[in-house]
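# Overview (structure and organization)
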Amino acid sequence: MNNILEKRQKSQLSDEERVRDFQRNLYRKAKREPNFRFYVLYDKIRLPHFLREAYKRVKANGGSSRVDGVTFAEIEEYGVANYLSEISVELKNESYKPTAVKRVYIPKANGQTRPLGIPTIKDRIVQMSCKLVIEPIYESDFEDSSYGFRPKRSAKEAITEIRSNWQQGKTEVFDADISKYFDTIPHDKLLKVVAKRTSDRKIIHLIKMWLKSPIHEEGKISGGKKNKLGTPQGGVISPLLANIYLHLLDNLVNNKDMFKRLGIKIIRYADDFILMGKHIPEDRLEYITRILERMGLKLNTEKSRMINSKEESFKFLGFTFRYDRGQNDWRLRYWHIEPSMRSQSKLRENVKDYFRKNRFKAMPEFSPGLNAILRGWMNYYHIPKVSYCRKTFKRLRWHLDERLWNHYNKKSQKVSKLYRRYGFDGMVKKYGLIDPTKYIYQHQLVKA
């Protein structure tokens, strides 16, 4: 009778609730038994509620069609249920084979480009379903010092941890950079680490196929089975695999006596990490270098550096950290965290590009898109009681005012007079444009 009631209750749950219920149970099991290897997982990936939830999340993330040209609109027209049912059959028959990933390049802040390997929608759905199944197992093992691409964790917690370490006197900082991490992860070593907690050979085979997916670039196919290194940035499963592999480094620094004794802490966000301590001896850094080399990875010696953060600033996750003089009393010093100048320049470029692409829109249609850019950037950098953004947001308002002035001057005389009459404050009141200088106050009211 109890089993019948349980099944009835489960049938009334949404797909998301059923997936979360499974994840909670799996996480608890993995947490209780840290040496347990899970062996029956593959069949969960093809369950209808997992595939439906995976499709929902993949669609929410967006993205255009890739190598096979299939779009979300075509899937909707064909029937999502039919499409997912066919994927389920392929997984059951073990006939599923990933398609080549499309390589695209996105600009980096330093003027260079970063290659992304974007899978097809079908492959993203299967990867997402796999991620939903196995992620809780590895989450139970991950260290608190890891913040990137993890549920309920973000850069804000990493920045808060840096400030906490500062307050504890950990002012020596090793700012590390791993050379081309995503492109150089050795497949054989990564799969061995994955297999420590997952003994399901079908899951391991899936991951191996994704790692060895061929690359489609400019009409040519490369890579494939001969590829032994790297996991494509842009794949749904890639961030989880990257965290699984670098968990070895987190575990080493947090639990090995040679680091614990000196109170050395690691803060890692994906492949970016720093070490913080009152004193970080050279032999500890040499040990880190040797461990990374054994993992098949390499520190970029040109970009990695040891600094005394009381004397020199450093950048991490788009923030600048420095020990600064007080505004009212130059004799006082305080820890200062603010958006980096590079990040501010990038925002201004995005704003400029938005003005250029939407110059013919009327203000009621213009302001929502601009607000989305501003809100996303300010939400990231505004960390209450941690980051200092008042000056930055004030400069941003000046920049927006100047942009709007130029924008309206290019329009008709009547519209230009409208802006001269109302000004920036008028745009805020009349069209709901965000005022960066009042954003912190408004944000605090919403939170309250």
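To be clear, the structure that these remarks concern was listed above.
Below or above, wherever it landed, is the structure these notes cover. (Residues numbered from 1 in each chain as written. Predicted model: local features only at pLDDT ≥ 70, side-chain atom pairs only at ≥ 80, totals over all residues. Heavy atoms only, no water.)

## A few points about the packing of aromatic side chains
- Scanning all chains against the criterion turns up 20 aromatic pairs.
- Judged by centre distance (4.8 Å) and plane angle (55°), the ring pair of Phe319 and Tyr381 falls under tilted. On the criterion of sequence distance, the pair formed by Phe319 in strand β10 (residues 319–325) and Tyr381 in helix α16 (residues 363–381) is long-range, its members being 62 residues apart. As far as burial versus exposure is concerned, Phe319 and Tyr381 are alike and both buried.
- Measuring from centroid to centroid gives 6.2 Å for Trp377 and Phe393, while their planes differ by 55°, and the two rings are tilted. (Phe/Tyr/Trp six-rings, centres within 6.5 Å; stacked < 30°, edge-to-face > 60°. Helix = DSSP H or I, 4+ residues; strand = E, 2+ residues; numbered from the N terminus. Buried < 20%, exposed > 50% of the residue type's maximum accessible area, 1.4 Å probe, protein only.)

## Topic: the sheet that holds strand β11 (residues 333–339)
- Pairing within the open sheet is antiparallel, and its 3 strands lie in the order β9-β10-β11. A strand with exactly one partner marks an edge of an open sheet, and here the two such strands are β9 (314–316) and β11. Averaged over all neighbouring strand pairs, the angle between strand axes comes to 30°, with direction disregarded.
- Direction of pairing for β10 relative to β11: antiparallel, over a ladder of 7 bridges. Note on β11: the bridge partner recorded for Phe321 is Ile337. (Pairing = 2+ DSSP bridges. Axes fitted to C-alpha atoms, helices over the stretch in contact; angles between N-to-C directions.)

## Here's the deal with the packing of helix α6 (residues 80–93) against helix α7 (residues 121–139)
- Contact pair α6 / α7: the axes reach a minimum separation of 11 Å and the direction vectors enclose 65°. One way to sum up the angle between α6 and α7 is to call them roughly perpendicular. Read as a crossing pair, α6 and α7 show a hand that is right-handed. Here Tyr83, Leu84, Ile87, Glu90 and Leu91 of α6 lie close against α7, whose contacting residues are Lys122, Ile125 and Val126.
- A per-class count over the contact of α6 with α7 returns 6 nonpolar, no polar and 2 charged. (Parallel < 35°, antiparallel > 145°, perpendicular 65-115°, else oblique. Left-handed = near helix turned anticlockwise from the far one by under 90°. Contact = heavy atoms within 4.5 Å. Nonpolar A, V, L, I, M, F, W, Y, C, P; charged D, E, K, R; others polar.)

## A short note on the pairing of strand β1 (residues 101–107)
- Pairing of β1 with strand β4 (residues 214–217), which is carried by 2 bridges, proceeds in the parallel orientation. Within the sheet, the bridge partner assigned to Val101 lies in β4 and is Ile215.
- One ladder, built from 6 bridges, connects β1 with strand β2 (residues 113–118); its direction is antiparallel. Bridging across to β2, Lys102 finds its partner in Ile118.

## Overview of the packing of helix α12 (residues 238–255) against helix α14 (residues 282–294)
- Here α12 crosses α14 at 150°, and the two axes come no closer than 11 Å. Taken as axis vectors, α12 and α14 run roughly antiparallel relative to one another. In the crossing of α12 with α14, the sense of the turn from one axis to the other is right-handed. Every residue of α14 that contacts α12 at Leu249, Leu252 and Val253 is listed here: Tyr287, Ile288, Ile291 and Leu292.
- Grouping the amino acids of the contact of α12 with α14 by side-chain chemistry returns 7 nonpolar, no polar and no charged.

## Side note on the environment of Glu143
- If you trace the backbone, Glu143 turns up in the loop between α7 and α8 (155–167).
- Look at Glu143 and you get buried, because its relative accessible area is 15%.
- Sequence-distant contacts of Glu143, that is, excluding residues within four places in its chain, are made with Arg150, His247, Asp250, Asn251, Asn254 and Asn255.
- Reaching out from Glu143, the side chain makes a polar contact with the side chain of Asn255 at a distance of 3.1 Å. (Polar contact = N/O pair within 3.5 Å; in protein donor to acceptor, adjacent residues only side chain to side chain.)

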